[in-house]
Amino acid sequence: MFFDTSNELPLLRFASLPQNGRLQHAVFTRQGGVSPAPFASLNLSVSVPDEKARVYANRRRAYGVYGRDTGSVVHAHLVHGRDVARVTQANNGTWIPEVDGIITNELGCALTMNYADCTPIFLYDPIRHAIGLGHAGWQGAVQDLPGAMVAMMGREFGSDPADLVTAVGPCIGPCCYEVGEPVIGAVQSAFADAATLLPANGHGDRPHFDLPEANRRNLLRAGVRYIEMSGLCTACRTDLFFSHRAEKGRTGRFGAIFMLQGNGFG
Ligand SMILES: [Zn+2]
């Protein structure tokens, strides 16, 4: 993952995902928006008590990098589950109810989600030309939301997991994610080698959950071979990201966008 400073807003991108006329993606940072603390400054979510007018101004800045706005991207109402929806441009400007993964193979369709410690999951099928964007915190990881996305891309588009180019975005890392029950029990039930996902990390006796590695293992278990890891912890880097844990819940949400460009749009 690297910084792209060629736009008005600082963006993060994955080297593995091509950036060309047909495919574009970004993880926005929290920088470059208009919201004051604790939402400073590029808060993209109205689910936190920021002023809506500021959130919409921030969205114009962020999505505007790609010539879009709130009404020309597909949103998801995230619920920390494992449900995935296939979407089209008919879903532009709407919130897909109660899903944590959205997939599309329609040119011109742009997918967005917001985060503050949960994991952005990017799936790209360069053969079938389809994409998926996901959101997986500990609940999504133990319920295998990444695997559910891979399976649905197989069913809907004929995607072979071995063809997928995938990326695990900035999320809270094992350095900062001390956990107790019910997380420990759920991780032990969900993963064969759970102990390696719950390192003590020298911060006392309590385990820390390795969320990005858990999501990587979910992708591997689904048959994915190409996985780029961001290597960025949202709680370590509150200069770049909103972190629910590090900022004790009083924070905003940074965004991700993933789109297939179509003729005459974007
Ligand atoms: Zn950290």
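What you see is a predicted model; the values in this text were computed from it and never measured.

Cut-off values and rules
Residues numbered from 1 in each chain as written. Predicted model: local features only at pLDDT ≥ 70, side-chain atom pairs only at ≥ 80, totals over all residues. Heavy atoms only, no water. Buried < 20%, exposed > 50% of the residue type's maximum accessible area, 1.4 Å probe, protein only. Helix = DSSP H or I, 4+ residues; strand = E, 2+ residues; numbered from the N terminus. Pairing = 2+ DSSP bridges. Donors = N, O, S within 2.8 Å, 3.2 Å for Na, K, Ca; no water. Tetrahedral: all angles 85-135°; square planar, octahedral: opposite > 155°, others 65-115°. Patch = residues over 30% accessible without salt bridge, like charges linked within 9 Å, V, L, I, M, F, W, Y side chains within 5 Å. Areas by Shrake-Rupley, 256 points an atom, 1.4 Å probe, with all protein chains shown as cover. Salt bridge = Lys/Arg side-chain N within 4 Å of Asp/Glu carboxyl O. Axes fitted to C-alpha atoms, helices over the stretch in contact; angles between N-to-C directions. Contact = heavy atoms within 4.5 Å. Phe/Tyr/Trp six-rings, centres within 6.5 Å; stacked < 30°, edge-to-face > 60°. Expected span 1.5 Å × (residues − 1).

### With respect to the pairing of strand β7 (residues 101–104)
Link 1 in the chain: Residue alternation in β7 divides its side chains into two sets, Gly101 and Ile103 and Ile102 and Thr104, and both sets are buried.
Link 2 in the chain: Two elements, strand β5 (residues 84–86) and β7, share three bridges in a ladder whose sense is parallel. Looking at β7, one finds that Ala85 is bridged to Ile102.
Link 3 in the chain: Pairing of β7 with strand β10 (residues 130–136) involves four bridges; the strand directions are antiparallel.

### Topic: the coordination of the zinc ion
Link 1 in the chain: Bound to the zinc ion on the protein side are Cys175 (SG), Cys176 (SG), Cys233 (SG) and Cys236 (SG), at distances that span 2.3 Å.
Link 2 in the chain: Considering all four donor atoms around the zinc ion, the spread of angles at the metal, 103 to 118 degrees, places the coordination shape in the tetrahedral class.
Link 3 in the chain: Within one chain, the residues donating to the zinc ion are spaced in sequence as C-C-x56-C-x2-C. Placement of Cys176 in the loop between β11 (165–168) and α4 (183–190) and of Cys233 in the loop between β12 (226–229) and β13 (254–260) is noted, with a sequence separation of 57 residues between them.

### Examining a nonpolar patch on the surface
Link 1 in the chain: On the surface, a nonpolar cluster with roughly 240 Å² of combined accessible area is contributed by Val46, Tyr56 and Trp95.
Link 2 in the chain: Looking at the element boundaries, Val46 is found in the loop between β3 (23–28) and α1 (52–64).

### Brief notes about the pattern of salt bridges
Link 1 in the chain: The full count for this structure, using the stated rule, is eight salt bridges.
Link 2 in the chain: Among the ionic pairs, Glu247 bridges to Arg30, the shortest N-O distance being 3.0 Å. Linking Glu247 in the loop between β12 and β13 with Arg30 in the loop between β3 and α1, this pair joins segments that are 217 residues apart in sequence.
Link 3 in the chain: Between Glu51 and Arg54 there is a salt bridge, and its shortest N-O distance comes to 3.7 Å.
Link 4 in the chain: Its relative accessible area of 46% is what places Glu51 among the partly exposed residues.

### Brief notes about the environment of Asn7
Link 1 in the chain: Along the chain, Asn7 turns up in the loop between β1 (2–4) and β2 (11–13).
Link 2 in the chain: Taking the relative accessible area as the measure of exposure, Asn7 reaches 30% and is therefore partly exposed.
Link 3 in the chain: The spatial distance from the C-alpha of Asn7 to the C-alpha of Val65 is 7.1 Å, given a sequence separation of 58 residues.

### Things to note about the sheet that holds β11
Link 1 in the chain: Strand order in the open sheet made by the six strands is β5-β7-β10-β9-β11-β12, with mixed pairing throughout. Each edge of the sheet is formed by a strand with only one pairing partner; in this case those strands are β5 and β12. Each strand axis lies, on average, 15 degrees off the axis of its neighbour in the sheet, ignoring direction.
Link 2 in the chain: The sheet strands contacting helix α3 (residues 145–157) are β5, β7, β9 (119–125) and β10, and the helix crosses β10 at an angle near 160 degrees.
Link 3 in the chain: Contacting β9, β10, β11 and β12, helix α5 (residues 211–221) runs over the sheet at an angle of about 170 degrees to β12.

### Some remarks on the packing of aromatic side chains
Link 1 in the chain: This model, assessed by the stated rule, comprises six aromatic pairs.
Link 2 in the chain: Both rings, one in Phe122 and one in Phe258, keep their centres 5.0 Å apart while their planes meet at 65 degrees; by these two values the pair is edge-to-face. In this pair, Phe122 is assigned in strand β9 and Phe258 in strand β13, connecting sequence segments 136 residues apart.
Link 3 in the chain: By relative accessible area, Phe258 is classed as buried at 0%.

### Some words on the sheet that holds strand β8 (residues 110–115)
Link 1 in the chain: Strand order in the open sheet formed by five strands is β1-β2-β3-β13-β8, and the pairing between neighbours is antiparallel. With partners counted over all chains shown, the strands left at the sheet margins are β1 and β8, one partner each. On average, adjacent strands in this sheet sit at an angle of 30 degrees to one another, irrespective of strand direction.
Link 2 in the chain: Direction of pairing for β2 relative to β3: antiparallel, over a ladder of two bridges. Bridge pairing in β3 links Leu11 to Phe28.

### A look at α1
Note: α-helices contain 3.6 residues per turn, so residues at a spacing of three or four share the same orientation.
Link 1 in the chain: For α1, spanning 13 residues, the distance from its first C-alpha to its last is 17 Å, which sits close to the expected 18 Å at 1.5 Å a residue.
Link 2 in the chain: Restricting attention to buried positions, one finds in α1 the residues Val55, Ala57, Asn58, Arg59, Ala62 and Tyr63.
Link 3 in the chain: Packing partners of the buried residues in α1 comprise β3, β4 (75–76), β6 (95–96), β8 and β13.

### Observations concerning unusual backbone geometry
Link 1 in the chain: For the bond from Ala37 to Pro38, the omega torsion is 0 degrees, close enough to zero to count as cis.
Link 2 in the chain: In this structure, Ser41 follows Ala40 across a cis peptide bond, with omega equal to -10 degrees.
Link 3 in the chain: Secondary-structure assignment places Ser41 in the loop between β3 and α1.
Link 4 in the chain: At Asp117, a position not held by glycine, the phi torsion is positive, near 115 degrees.
Link 5 in the chain: Relative to the elements of secondary structure, Asp117 occurs in the loop between β8 and β9.
Link 6 in the chain: The exposure class assigned to Asp117 is buried, which follows from its relative accessible area of 7%.
Link 7 in the chain: Of note in this structure, His129 is not a glycine but carries a positive phi near 55 degrees.

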